[in-house]
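Descriptive analysis of the structure
One letter stands for each residue in the lines below.
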Amino acid sequence: FILQPEYKAFVGRSKLKFQYIHNASSDRRIDPSASNIIDIYLLVRNYDTSYRRYLKGYVTTAPVEPTPETLRLQFGSSLANIKSVSDEVVYHPVKYFPLFGDKAPLKFQATFKVVKNPSQPINNNDLKVKIIRSIESFFSIENWDFGDKFYSAELLSYIVQENSTLISNIVVVPKQTNQAYGSLSEIQARPDEILVSAATVSDIEIVNNITATELNLLNSQVVTKTSYR
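Quick look at the structure, then.

**Some remarks on the overall build of the protein chain**
What the protein chain contains, in helices and strands, is four helices and nine strands. For the protein chain, the N- to C-terminal ordering of α and β elements is β-α-α-β-β-β-α-β-α-β-β-β-β. In the protein chain, which comprises 229 residues, the proportion classed as buried is 32%. By sequence separation, contacts in the protein chain at least 24 residues apart represent 79% of the contacts at least 6 residues apart.

**Here's the deal with helix α2 (residues 68–80)**
Note on helix geometry: an α-helix contains 3.6 residues per turn, so any two residues three or four positions apart are oriented the same way. Between its first and last C-alpha atoms α2 spans 16 Å; for 13 residues at 1.5 Å apiece the expected length is 18 Å, and the helix comes up short by more than 12%. Along its length, α2 shows its largest kink, about 45°, at Q74.

**Quick notes on the nonpolar core**
Formed by 42 residues in total, the largest nonpolar core has its most connected members in F100, F112, F139 and F150. Sorting elements by how many residues they give to this core places helix α3 (residues 124–138) first, with five residues. For F150, the contacting residues outside a window of four places in its chain are L99, F100, F138, F139, W144, L155, L184, S185, E186, I187 and L195.

**With respect to the packing of aromatic side chains**
Going through the model one piece at a time under the given rule, you end up with 13 aromatic pairs. Consider the rings of F138 and Y158, whose centres lie 5.7 Å apart with planes at 50°: the pair is tilted. Taken together, the residues F138 in helix α3 and Y158 in helix α4 (residues 152–162) connect sequence positions 20 residues apart. Plain terms: the ring middles of F139 and W144 are 5.2 Å apart, the flat faces sit at 5° to each other, and that makes the pair stacked. In textbook terms, an aromatic cluster arises when at least three aromatic residues are bridged by ring pairs, as seen for F100, F112, F138, F139, W144, F150 and Y158. Positioned above the aromatic ring of Y54, the side-chain terminus of K103 is 5.2 Å from the ring centre.

**Digging into the environment of K128**
Mapping K128 onto the fold places it in helix α3. Once the C-alpha coordinates of K128 and I204 are considered, the two residues, 76 residues apart in sequence, prove to be 6.1 Å apart. Excluding its chain neighbours within four sequence positions, the residues that come into contact with K128 are V201, I204 and I206.

How each quantity is defined
Residues numbered from 1 in each chain as written. Predicted model: local features only at pLDDT ≥ 70, side-chain atom pairs only at ≥ 80, totals over all residues. Heavy atoms only, no water. Helix = DSSP H or I, 4+ residues; strand = E, 2+ residues; numbered from the N terminus. Buried < 20%, exposed > 50% of the residue type's maximum accessible area, 1.4 Å probe, protein only. Contact = heavy atoms within 4.5 Å. Expected span 1.5 Å × (residues − 1). Bend = angle between axes of the 7 residues up to and from the residue. Core = buried A, V, L, I, M, F, W, Y, C linked by side-chain atoms within 4.5 Å. Phe/Tyr/Trp six-rings, centres within 6.5 Å; stacked < 30°, edge-to-face > 60°. Lys NZ or Arg CZ within 6 Å of the ring centre and 35° of its normal.

Below, the structure is given as structure tokens:
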């Protein structure tokens, strides 16, 4: 055994019995494991505002929802003092899922076909604007929760109720050629999604009557499994 010149060695004690006992203090835990997983879904106001501006056409690029790490840094400190040691909080950013308009996925794009009440003197453009306002009111944020299911019958009933003297009939027909009327009757959002309308006046069509051709029933089929993409 050769010692290096920068080190020194001394003969130590022998025949000693050593016992190490470690006790954690009352406010400490040794290697705690989380037994309660708490999922928190958050729709951030900045994302909500930015996405609605995107739907209105003020910006051309859809905003990206915040990451779980961003949410943890933003909200984690306020929950750290009240959660239990065994709790593990998982932050899930909620994003919008658009329907009907060009900003929606292709199989969820649709046209609202409307038959006017002939006894009411209103031009087509004014009627389209009124219908869009009714749709936007139906999809107001306070009316929806994360993971809700959309029923087209409820929307159409609301539009007729809001414009009862102006509309004789209204249906929503998918734009995809292989989808017929009835395909978008139910749409289920995921737990981290909230549904919103992307419809514009260009998605409203005024027709004289509702026929099989208008409903796209001649060369297509009703697709019923449009929920849970």
